[in-house]
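# Descriptive analysis of the structure
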Amino acid sequence: QVQLVESGGGSVQAGGSLRLSCAASGNSDSRQFMGWFRQAPGNEREGVAVIDNYRRTGYADSVKGRFTISQENAKNTLYLQMNSLKPEDTAVYYCAADTWVAYTRRLRDTEYDYWGQGTQVTVSS
């Protein structure tokens, strides 16, 4: 089993920054592939940024150049540094993990089995 707990959400004005954290515990083999996803009201959950056990990263086009995903060496904490935030970034952000995810599907939420409870990010204009 894997437990994921997100923190760091909050309210910020457009152009500001936030850093999300995801504290992970449990079976490390089940956390080889990790990512951040988000869901805004009325929208489907979408992939934001992912990282795998080879440190390869992937980003949604909407956040490239603004968001950075990283992981501490012990792989117990996942981060999402969010800069130049926009009102359209407002959503609940979720941390996700799985043992293995196909490279071409790594931004698809259906590929991940383990999820945190989410943290709200609100960006005002």
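See above for the structure.
Residues numbered from 1 in each chain as written. Predicted model: local features only at pLDDT ≥ 70, side-chain atom pairs only at ≥ 80, totals over all residues. Heavy atoms only, no water.

The next point concerns the side chain of Arg106. Assignment of secondary structure puts Arg106 in the loop between strand 9 (91-98) and strand 10 (114-115). Within the local environment of Arg106, its side chain forms a polar contact with the backbone oxygen of Thr57, the two atoms lying 3.2 Å apart. If we skip the residues at most four places from it in the chain, Arg106 touches Phe37, Val50, Arg56, Thr57, Gly58, Val101 and Tyr112. (Helix = DSSP H or I, 4+ residues; strand = E, 2+ residues; numbered from the N terminus. Polar contact = N/O pair within 3.5 Å; in protein donor to acceptor, adjacent residues only side chain to side chain. Contact = heavy atoms within 4.5 Å.)

Turning our attention to the sheet that holds strand 8 (residues 77-82). Ordered in space as 1-3-8-7, the four strands form an open sheet in which the pairing is antiparallel. Whereas interior strands pair on both sides, the edge strands pair on one side only; in this sheet they are strand 1 (2-7) and strand 7 (67-71). Mean inter-strand twist for the sheet, computed between neighbouring axes without regard to direction, equals 15°. With five bridges joining them, strand 7 and strand 8 adopt antiparallel strand pairing. Opposite Gln71, over in strand 8, you have Leu78 as the bridge partner. (Pairing = 2+ DSSP bridges. Axes fitted to C-alpha atoms, helices over the stretch in contact; angles between N-to-C directions.)

To continue, consider the packing of aromatic side chains. The relative placement of two aromatic rings is captured by the distance of their centres and the angle of their planes. Counting across every chain of the model gives three aromatic pairs. Centre to centre, the rings of Phe37 and Tyr112 are 5.1 Å apart; their planes meet at 65°, and the pair counts as edge-to-face. Placement of Phe37 in strand 4 (residues 33-39) and of Tyr112 in the loop between strand 9 and strand 10 is noted, with a sequence separation of 75 residues between them. Judged by relative accessible area, Phe37 falls into the buried class, the value being 0%. A relative accessible area of 4% places Tyr112 in the buried class. (Phe/Tyr/Trp six-rings, centres within 6.5 Å; stacked < 30°, edge-to-face > 60°. Buried < 20%, exposed > 50% of the residue type's maximum accessible area, 1.4 Å probe, protein only.)

Structurally, the position occupied by Gly35 is in strand 4. Those residues in contact with Gly35, other than ones at most four positions away along the chain, are Ala49, Val50, Ile69, Leu78, Tyr94, Cys95, Ala96 and Tyr112.

Taken as a whole, this structure holds one disulfide when the rule is applied. Paired by a disulfide, Cys22 and Cys95 hold their sulfur atoms 2.1 Å apart. Its S-S torsion of approximately -75° makes the covalent link between Cys22 and Cys95 left-handed. Highlighted residues: Cys22 in strand 3 (residues 18-26) and Cys95 in strand 9, separated in sequence by 73 residues. Neither residue differs from the other here; Cys22 and Cys95 are each classed as buried. (Disulfide = S-S within 2.5 Å.)

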